[in-house]
Structures are given as structure tokens and as C-alpha cells.
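Single-letter residue listing:
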Amino acid sequence: MASMVGVLIYHKTLKDYPFRSILFMSQFLYSVCGMWDLIFILRWNLALGIPDYLFVVMDEIVSQIVSKIRWIPMIVLTSKLCPLGIEGTFFALLMCIDSLGSLAAKWSGGMVLHVLHVTKNDFTNLWLVILIRNFSRFSTLAFIFLVPIVRQSEVLIPSDLLMTNSASIAEEDEKLELAHLS
């Protein structure tokens, strides 16, 4: 349900903002939401009068909404940058890069846990691990300048350039000769 709310928020209110603005704000919110884990680990939620079960549910709902708001503009941006005819390959490449990034994050997170001696029985330094994770989330904001400052409805690549590439691909496909496998 929270993911659907994130999609609706994006569709109803955020789809007309420039890519750079929406990606900056969504990454910033994602980083701030990570700080909620620190509040939970340090038990500050109880000091605020919020019971654990309610805090965890609220955290998960907000995280799901922010995740969708982060993901959708990236998909829209990449679909606008993708040449005609290779959409499936381009999307598969993006999913591969995303999976590789996720795997690298898990491995590096495991290394940080190991270095700081956080185990299943000793959570003494877990707050520091969460702080490191959140600072790394904030650090990605330094690369926001790489995202174009255009509205999501604007054309990023001229259609004649896209058509020229797709026309040359079609011509190359016509020149291919099929070979018999037998």
C-alpha cells in the first residue's frame, strides 16, 4: 500500500518538477529517513512516547513511499535517454547495475559491521554503523550535478538523432544473412 501511495504522490504532484530537483529532494528524504534507524537503535522513540511497533510501522511506510519517489524519476530519465529499439537491453543493463550496486552495498556493510565488531550478540557499535550508512547516503548528493536540469516532460535527446540511430540499426538488420544451423 505504501508503495502505491508513493506512486500516486509522484504522479499527482511531482511529475512536472525538474529531474535534478526531484532527485535531490528524494535522495535527501531517503537520507533523513535513514536517521530514523538511529533514533530506534538509541531508543529515543520511547523517550518521545512512541512505542516500538508504531515507530517501526511508520518508518517502513515512509521508507516505502520515499523509495518509490526516488525510483520513478530515475526510470523516467533513463527511458528518455534510451535510443529507440534497445529499451529492453537498456532496462536490463540498468537492473544489472542496480543489482551490482546493491550487492556492493551489502558486502561493504558487512565489512563495516565486521570492522566495528557488531555481531548478533553485541550491538554496542551499531549506532556508528547506522551513522556511517546515513552519511554515505548523504554523500551521493555531491553527484547531483550530473543530472540534467530539465523538466520531466521535456525532450532530452532530439528525435532526429534517435531516429538516425534506429534507422541505421534497421539497415544493418536487413543486411544480415541468416545461416542454417544444420
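As the structure is a prediction and not an experimental result, all values here were calculated from the model.

A. Looking closely at unusual backbone geometry. With a phi angle near 65°, Arg43 is a residue other than glycine that sits in the positive phi range. The residue Arg43 is located in the loop between helix 2 (19-41) and helix 3 (44-47) in this model. Arg43 gets classed as partly exposed once you look at its relative accessible area, which sits at 35%. Residues other than glycine seldom take positive phi values, yet His117 does so here, at roughly 60°.

B. Inspection of the layout of surface pockets at higher detail. Empty space within the largest pocket amounts to approximately 1,600 Å³. Around the largest pocket, the lining is made up of 36 residues, and of these Tyr30, Arg70, Asp98, Gly101 and Thr140 lie nearest the centre. For the lining of the largest pocket, the secondary structure elements donating two or more residues are helix 2, helix 4 (52-81), helix 5 (87-115) and helix 6 (126-139). Here the lining of the largest pocket takes 11 residues from helix 5, the largest share from any one element.

C. Quick look at the environment of Ser3. If you trace the backbone, Ser3 turns up in helix 1 (residues 2-14). Take Ser3: its relative accessible area is 23%, and that puts it in the partly exposed class. C-alpha separation for the pair Ser3 and Ser63, spaced 60 residues apart in sequence, amounts to 9.1 Å. The residues contacting Ser3, other than those within four sequence positions of it, are Gln64 and Lys68.

D. Inspection of the UniProt feature "transmembrane region" (unreviewed entry) in the protein at higher detail. The residues that UniProt annotates with the feature "transmembrane region" (unreviewed entry) are residues 21-41. This span, residues 21-41, is 100% helix and 0% strand, and a straight line between its end C-alpha atoms measures 31 Å.

E. Local environment of the packing of helix 1 against helix 4. For the pair helix 1 and helix 4, interaxial distance at closest approach is 7 Å and the crossing angle is 50°. In this view, helix 1 runs oblique relative to helix 4, as classed from their interaxial angle. Of the two elements, helix 1 crosses helix 4, and the hand of that crossing is right-handed. Along its contact with helix 1, which presents Ala2, Ser3, Val5, Gly6, Val7, Ile9, Tyr10 and Leu14, the element helix 4 presents Ile61, Gln64, Ile65, Lys68, Ile69, Ile72, Pro73 and Val76. Here the residues of the contact of helix 1 with helix 4 are counted per class, giving 12 nonpolar, three polar and one charged.

F. View of a nonpolar patch on the surface. Side chains of Phe24, Met25, Phe28 and Val32 sit close together on the surface and give an oily, nonpolar patch of about 310 Å² of accessible area. Val32 sits in the partly exposed class, given a relative accessible area of 31%.

G. Representation of the packing of aromatic side chains within the structure. Considering all chains together, one arrives at four aromatic pairs under this definition. Both rings, one in Phe28 and one in Phe138, keep their centres 5.8 Å apart while their planes meet at 65°; by these two values the pair is edge-to-face. Of this pair, Phe28 sits in helix 2 while Phe138 sits in helix 6, placing them 110 residues apart in sequence. On the basis of relative accessible area, Phe28 is assigned to the partly exposed category, the value being 34%. A relative accessible area of 23% places Phe138 in the partly exposed class. Plain terms: the ring middles of Phe40 and Phe55 are 6.1 Å apart, the flat faces sit at 5° to each other, and that makes the pair stacked. In this pair, Phe40 is assigned in helix 2 and Phe55 in helix 4, connecting sequence segments 15 residues apart. Connected via pairs of aromatic rings, a cluster forms that spans Phe24, Phe28 and Phe138. Just above the ring of Phe40 sits the side chain of Arg43; from NZ or CZ to the centre is 5.5 Å. Here the guanidinium or amino end of Arg137 rests over the ring plane of Tyr30, the centre of that ring lying 4.0 Å away.

Rules behind the numbers
Residues numbered from 1 in each chain as written. Predicted model: local features only at pLDDT ≥ 70, side-chain atom pairs only at ≥ 80, totals over all residues. Heavy atoms only, no water. Helix = DSSP H or I, 4+ residues; strand = E, 2+ residues; numbered from the N terminus. Buried < 20%, exposed > 50% of the residue type's maximum accessible area, 1.4 Å probe, protein only. 1 Å grid on protein atoms, 1.4 Å probe; cavity = no way out; pocket = protein on both sides within 12 Å on 5 of 7 lines; lining within 4 Å. Points joined across faces, edges and corners; volume = space filled by probe spheres on them. Contact = heavy atoms within 4.5 Å. UniProt positions renumbered as here; feature names shortened; annotations may be inferred. Axes fitted to C-alpha atoms, helices over the stretch in contact; angles between N-to-C directions. Parallel < 35°, antiparallel > 145°, perpendicular 65-115°, else oblique. Left-handed = near helix turned anticlockwise from the far one by under 90°. Nonpolar A, V, L, I, M, F, W, Y, C, P; charged D, E, K, R; others polar. Patch = residues over 30% accessible without salt bridge, like charges linked within 9 Å, V, L, I, M, F, W, Y side chains within 5 Å. Areas by Shrake-Rupley, 256 points an atom, 1.4 Å probe, with all protein chains shown as cover. Salt bridge = Lys/Arg side-chain N within 4 Å of Asp/Glu carboxyl O. Phe/Tyr/Trp six-rings, centres within 6.5 Å; stacked < 30°, edge-to-face > 60°. Lys NZ or Arg CZ within 6 Å of the ring centre and 35° of its normal.

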